[in-house]
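Tertiary structure, described
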Amino acid sequence: MLASKSEKTFGAVITGLLILFSIIALIPLLSVISTSLSSKSAVDMNLVTLWPKQFTFDSWKYIVDRPDLWKSFFLTLSTTLIGTILALLMTALFAYPLSKPEFRWGSVIMMAVVVAMIFKAPIVPYFLTVRGIGLYDNPLVLIVPHILNPFNLIIMRTFFKQFSKELEEAAFLEGCGYFRMLFQFVLPLSKAVLATLALFYGVVLWNQFQHPLFFLQDTNWFPLQIKIRQFITDDSVIMSGAASTAQLNYNERTLRAATVIFAIVPIIVVYPFLQKYFVKGAMIGSVKG
Amino acid sequence: MKSIASHQMKVYWPLYVMAIPGMIFLIVFKFIPLAGAVIAFKDYSVFRGFIDSPWVGFKHFETLLQHPDFLRVFSNTLLLGLFKLTIVFPVPVLLALMINEIRKSALKKGIQTALYIPHFLSWVIVGGILFDFFSLSGMFNIILGWFGTEPVLAMQESAYFRPIYVLASIWKDAGWGTVVYMAAISAIDPQLYESAMIDGASRFRQIRHITFPILLPTVLVLFLLDIGNFLDLGFDQVYNLLTPMTYNVGDILDTYVFRTGIQQGQYSFATAVGLFQSVIGFIMVYTFNKLSNKISDGGLW
């Protein structure tokens, strides 16, 4: 069917607008990247917009040479990895019985899950409870409160419900138990939903800010986001250890820009690998069940 | 009856064992804190705990309503919440309708990738990006300079806080918000469009009479959920965009609870603030659900 002239204009206008929006979405990111790769004088003279001016890696060298930043980086990386694996395990273990009609308390527990999802506990009693179980100033607070999320649980349960009963029944006749069933058959067939939830949990664990801010005092356990927040707000923290000569080719602003990009790199690296999964996962989640 | 129960346990015990860690988690991290909200009606003492602290009735709520800070914080929260519902909420719907009109799949994917990325950055990072963008020698002021306008430190100006808050919300999450709508759109039967095209409906009319009406129930459900979290603006977001200069317009219930409750240790008072927030959210959902049940049958319950 031939599109009429007005149809074509309509399509072109929408395409043009969306391309414009995409560019606008990327501009702040590009601007920070250029700042981080420009010299101090170029930044001070208001020359840097979308492309680096007087290109230099000096800010990056300074940032990459900081041991305290790497310490936070590896702390965050390891809590994210361990936390994500634990979260997937916890979620799968809980979602599996909830997907089974023979699990008798299933509907009651599902109601509790939905209540937990809708009603957020007031922050102060939450703080007191978490402190009460010994997670105050304890690095475990970076992992434990994040290993189960009701919304993700519902996504996984919905996914498990779609498995054919025949496969399970055949395996059960052979004497396979529920645990083996889950780990040997169900989970290997659930790669799409596992990848999606790994992304959801991973992003939350990597980006967490409120928990460490509320619960951690010991600077040794400061994760990346808290460290970056200090870099953004406190000049003395970001410049500590920097030589105080005027010949430096970086300043607080280019350093901040480099730190911000430093913390984004892992997300940008992982993103393309997981992208094909998460839309599918979000679709599963949007189907109410 | 008893034999059925014991049979149930004999065969299905692994299912019950599997559910134990998850149930413990929900109880500890969700339900105990939820029940702990009673301390809003008590004078909480660290030594006595949630249960044994003495009851004081509505004392903390009365203090709250008379507190001069509270009115300012509450109106800030109300205003930002209102902006979020009226300005931020519709953007993903419009974006999804637009993205759906793109026929070239490579282009579509590229646009979606660009629009999704900000969602995966933390508010600390977004704050960092914005502070850089709006700094004196940042891009914002360079562009203002082209038009001969004097540079402003936008992040430190009260007048700019609300627009920046709204734009930052859209920038970070509007793209991601389209995912659910795109899923709903992809479930639409293509035959509807084919017959509409045979009848000579233009693409714009197809959006108006097919895509949008089918999308509407999803929009309504998400809107109701948003109304429930109306006063819940996200601690990370506001905290990371706030400067001492913008406190008068940017201090909200979440940041207020953090200061009074966590930092100053007024546990019962801060819980009362939090509870007030939840109750308003609940009343809003309840009212709007009734309303939407009346208008269409697209309510939450």
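Everything numeric in this text was worked out from a predicted model, so none of it was measured.

1. Section: the overall build of chain B
Check the secondary structure of chain B and you find 15 helices and zero strands. Against the globule reference of 19 Å for 301 residues, chain B gives a C-alpha radius of gyration of 25 Å, more extended than a compact globule. Out of the 301 residues belonging to chain B, those deemed buried represent 50%. Taking the intrachain contacts of chain B between residues at least 6 apart in sequence as the baseline, contacts between residues at least 24 apart amount to 64%. Per element, the accessible surface of chain B, about 14,500 Å² overall, is 68% carbon and sulfur. One finds the centroid of the 20 positive side-chain charges in chain B at a distance of 8 Å from the centroid of its 18 negative side-chain charges.

2. Let's talk about the interface of chain B and chain A
Counting residues at the interface gives 85 residues for chain B, matched by 90 residues for chain A. Counting each side, the surface lost to burial between chain B and chain A is near 7,900 Å², with a carbon and sulfur contribution of 78%. Contact with chain A buries surface across chain B, with B:Met18, B:Phe29 and B:Phe120 losing the most and accounting together for 10% of the total. The tally of links from chain B across to chain A stands at two salt bridges. Across the salt bridge formed by A:Arg253 and B:Asp132, the nearest N and O atoms sit 2.8 Å from each other. Put simply, chain B and chain A have 13 residue pairs in polar contact (both at pLDDT 80 or more) between them. The element best represented in the side of chain B that touches chain A is helix α1 (residues 2-35) of chain B, accounting for 23 residues. For the side of chain B that touches chain A, a count of residues per class yields 64 nonpolar, 14 polar and seven charged.

3. Some thoughts on the nonpolar core
Counting residues in hydrophobic clusters, the biggest one holds 176 residues, and the most contacted among them are A:Phe94, A:Tyr96, A:Phe160 and B:Ile129. It is helix α9 (residues 158-186) of chain B that contributes the most residues to this core, 13 residues altogether. Contacts of A:Tyr96, omitting those with residues within four sequence positions, involve A:Phe160, A:Glu168, A:Phe172, A:Tyr178, A:Met181, A:Leu182, A:Val186, B:Leu15 and B:Met18.

4. Points about the packing of aromatic side chains
Within the structure shown, the criterion is met by 45 aromatic pairs over all chains. The interplanar angle of 65 degrees and the centroid separation of 5.1 Å between the aromatic rings of B:Phe89 and B:Phe223 together place this pair among those described as edge-to-face. Highlighted residues: B:Phe89 in the loop between α4 (68-88) and α5 (90-100) and B:Phe223 in helix α11 (residues 203-228), separated in sequence by 134 residues. Through a chain of ring-to-ring contacts, the aromatic side chains of A:Trp70, A:Phe73, A:Phe74, A:Trp206 and A:Phe262 assemble into a single cluster. The positively charged end of B:Lys42 is found above the aromatic ring belonging to B:Trp55, 4.5 Å away from the centroid.

5. Description of the pattern of salt bridges
Inspection of every chain in the model, using the stated rule, returns twelve salt bridges over all chains. One salt bridge in this structure joins A:Lys61 and A:Asp58, with 3.6 Å as the shortest N-O distance. Residue A:Lys61 and its partner A:Asp58 are located together in helix α3 (residues 58-64), separated by three residues, close to a single helical turn. Relative accessible area serves as the criterion here: at 51%, A:Lys61 is assigned to the exposed category. Here A:Asp58 falls in the partly exposed class, since its relative accessible area comes to 24%. B:Glu101 serves as the salt-bridge partner of B:Arg203, at 2.9 Å between the closest nitrogen and oxygen. In this pair, B:Arg203 is assigned in helix α11 and B:Glu101 in the loop between α5 and α6 (105-116), connecting sequence segments 102 residues apart. Each member of the pair, B:Arg203 as well as B:Glu101, is classed as buried. Here the salt bridges share partners, and the residues they tie into one network are B:Asp69, B:Arg72, B:Asp251 and B:Arg259.

6. Remarks on unusual backbone geometry
Residues and elements named next belong to chain A. The phi dihedral of Asn46 is positive, around 60 degrees, even though this residue is not glycine. We classify Asn46 as partly exposed; its relative accessible area is 35%. With a phi close to 50 degrees, Gln54 is a non-glycine residue in the positive phi region. Tracing the backbone through its elements, the reader meets Gln54 in the loop between α2 (40-44) and α3. With relative accessibility at 45%, the residue Gln54 sits in the partly exposed group.

Calculation notes
- Residues numbered from 1 in each chain as written.
- Chains lettered and ligands numbered in written order.
- Predicted model: local features only at pLDDT ≥ 70, side-chain atom pairs only at ≥ 80, totals over all residues.
- Heavy atoms only, no water.
- Helix = DSSP H or I, 4+ residues; strand = E, 2+ residues; numbered from the N terminus.
- Rg over C-alpha atoms; globule rule 2.2 N^0.38 Å.
- Buried < 20%, exposed > 50% of the residue type's maximum accessible area, 1.4 Å probe, protein only.
- Contact = heavy atoms within 4.5 Å.
- Areas by Shrake-Rupley, 256 points an atom, 1.4 Å probe, with all protein chains shown as cover.
- Lys, Arg positive; Asp, Glu negative; His and termini not counted.
- Charge placed at Lys NZ, Arg CZ, Asp CG, Glu CD.
- Buried area = accessible area lost by both parts, 1.4 Å probe.
- Salt bridge = Lys/Arg side-chain N within 4 Å of Asp/Glu carboxyl O.
- Polar contact = N/O pair within 3.5 Å; in protein donor to acceptor, adjacent residues only side chain to side chain.
- Nonpolar A, V, L, I, M, F, W, Y, C, P; charged D, E, K, R; others polar.
- Core = buried A, V, L, I, M, F, W, Y, C linked by side-chain atoms within 4.5 Å.
- Phe/Tyr/Trp six-rings, centres within 6.5 Å; stacked < 30°, edge-to-face > 60°.
- Lys NZ or Arg CZ within 6 Å of the ring centre and 35° of its normal.

It is worth stressing that arrangement in space is one thing and function is another; only the former is reported here.
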